Amino acid sequence: MSIRPLVILPDSKLRLISEPVKEITQEIRQLAEDMLETMYDAPGVGLAAIQIGVPIRMVTMDVSKTEDERQPMVLINPEVIWASEEKRVYEEGCLSIPEYYEEVERPDRVRFRYMNLQGETLEQDADGLMATCVQHEIDHLNGVLFIDYLSKLKRDRVMTKFKKAAKREVGA
Ligand code: K1U
Ligand code: ZN
């Protein structure tokens with residue numbers, strides 16, 4: 001297992017549309033382990049494969065409350081198959097946009113379908129943090145970031161900040 005470097009804004013990889021996983025191979029199982037280790041180390045409650053530079057439709061998540069009761073999930077080719085009319089506002093963060101948090105409105109409850117590492121297709125209902133997180137992660141698979149839901153003014157501000165930081169890194 002290894003902790004992989006995170007892809008950070010404004011890296012254009014974050015705008016890629018990830019490809020479906022066709023077969024669950026040893027490479028996919030290894031990637032899932034690395035994603036979980038990278039997510040727990042960050043720390044985060046979710047991670048999409050593109051956030052470590054791999055453009056495939058795979059997500060890890062763990063929204064459990066305590067470290068002693070970890071509930072790791074690996075979602076392959078996840079999709080939302082139902083979303084409630086009711087919305088909820090949650091303060092979101094993103095491991096690819098470090099230390100920036102803003103309120104985002106999304107459907108309050110969703111049902112999603114995914115394949116697990118055993119190749120079984122499962123459906124799950126989610127509310128609360130899990131509903132927010134799975135929508136945020138599926139957005140990553142489609143090249144969408146939570147800042148896309150903010151006003152142009154806020155989005156431009158955060159883009160400018162991260163572009164400047166990236167320039168400083170190149171110069172350093
Ligand atoms: O995809 C990501 O960038 C991970 C992101 C997921 C997420 C968090 C909050 C709302 C929606 C989606 C994170 O995990 S950011 C870090 C974070 O929120 C957190 C970290 C440790 C404990 C609890 C939350
Ligand atoms: Zn994110």
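Notes on the structure in this doc start here. If you're wondering where the values come from, they're calculated on a predicted model, not measured in any experiment.

Within the structure shown, the criterion is met by two aromatic pairs. The ring of Tyr-40 carries the charged tip of Arg-70 above its face, separated from the ring centre by 3.7 Å.

Below, the discussion takes up the pairing of strand E2 (residues 58–61). Covered by surrounding structure in E2 are Met-58 and Thr-60 together with Val-59 and Met-61, the residues of both alternating faces. Relative to E2, strand E1 (residues 46–48) runs antiparallel, the two being bridged by three bridges. From the neighbouring strand, Leu-47 faces E2, where its bridge partner is Thr-60. Sheet topology places E2 next to strand E3 (residues 73–83); four bridges connect them, and they run antiparallel. Bridging from a neighbouring strand, Met-61 pairs with Met-73 of E3.

Further remarks concern the environment of Leu-16. Its location among the elements puts Leu-16 in the segment before helix H1 (26–41). Taking relative accessible area as the criterion, Leu-16 reaches 37% and is therefore assigned partly exposed. Along the chain, Leu-16 and Gly-53 lie 37 residues apart, while their C-alpha atoms are 9.9 Å from each other. Apart from residues lying up to four places away in sequence, Leu-16 is in contact with Ile-50, Pro-55, His-140, Leu-141, Asn-142 and Gly-143.

Another point: the coordination of the zinc ion (ligand 2). Bound to the zinc ion (ligand 2) are the protein donor atoms Cys-94 (SG), His-136 (NE2) and His-140 (NE2), situated 2.1 to 2.3 Å from the metal. Within one chain, the residues donating to the zinc ion (ligand 2) are spaced in sequence as C-x41-H-x3-H. With a gap of 42 residues between them, Cys-94 in the loop between strand E4 (87–92) and strand E5 (102–107) and His-136 in helix H2 (residues 128–141) connect regions that are remote in the sequence. The pair formed by Cys-94 and His-136 is uniform in burial state, with each residue classed as buried.

Here we take up unusual backbone geometry. Leave glycine aside and you will find that most residues have negative phi; peptide bonds, for their part, are mostly trans. With an omega of 10°, the peptide bond between Leu-9 and Pro-10 qualifies as cis. Relative to the assigned elements, Pro-10 resides in the segment before H1. The linkage connecting Ala-42 with the following residue, Pro-43, adopts the cis geometry, with an omega of -5°. Along the chain, Pro-43 falls in the loop between H1 and E1. Here Asn-77, not a glycine, exhibits a phi torsion of approximately 50°, which is positive. Turning to its location among the elements, Asn-77 is positioned in strand E3. Positive phi, close to 60°, is recorded for Glu-99, a residue that is not glycine. Mapped onto the secondary structure, Glu-99 falls in the loop between E4 and E5.

Rules behind the numbers
- Residues numbered from 1 in each chain as written.
- Chains lettered and ligands numbered in written order.
- Predicted model: local features only at pLDDT ≥ 70, side-chain atom pairs only at ≥ 80, totals over all residues.
- Heavy atoms only, no water.
- Phe/Tyr/Trp six-rings, centres within 6.5 Å; stacked < 30°, edge-to-face > 60°.
- Lys NZ or Arg CZ within 6 Å of the ring centre and 35° of its normal.
- Buried < 20%, exposed > 50% of the residue type's maximum accessible area, 1.4 Å probe, protein only.
- Helix = DSSP H or I, 4+ residues; strand = E, 2+ residues; numbered from the N terminus.
- Pairing = 2+ DSSP bridges.
- Contact = heavy atoms within 4.5 Å.
- Donors = N, O, S within 2.8 Å, 3.2 Å for Na, K, Ca; no water.

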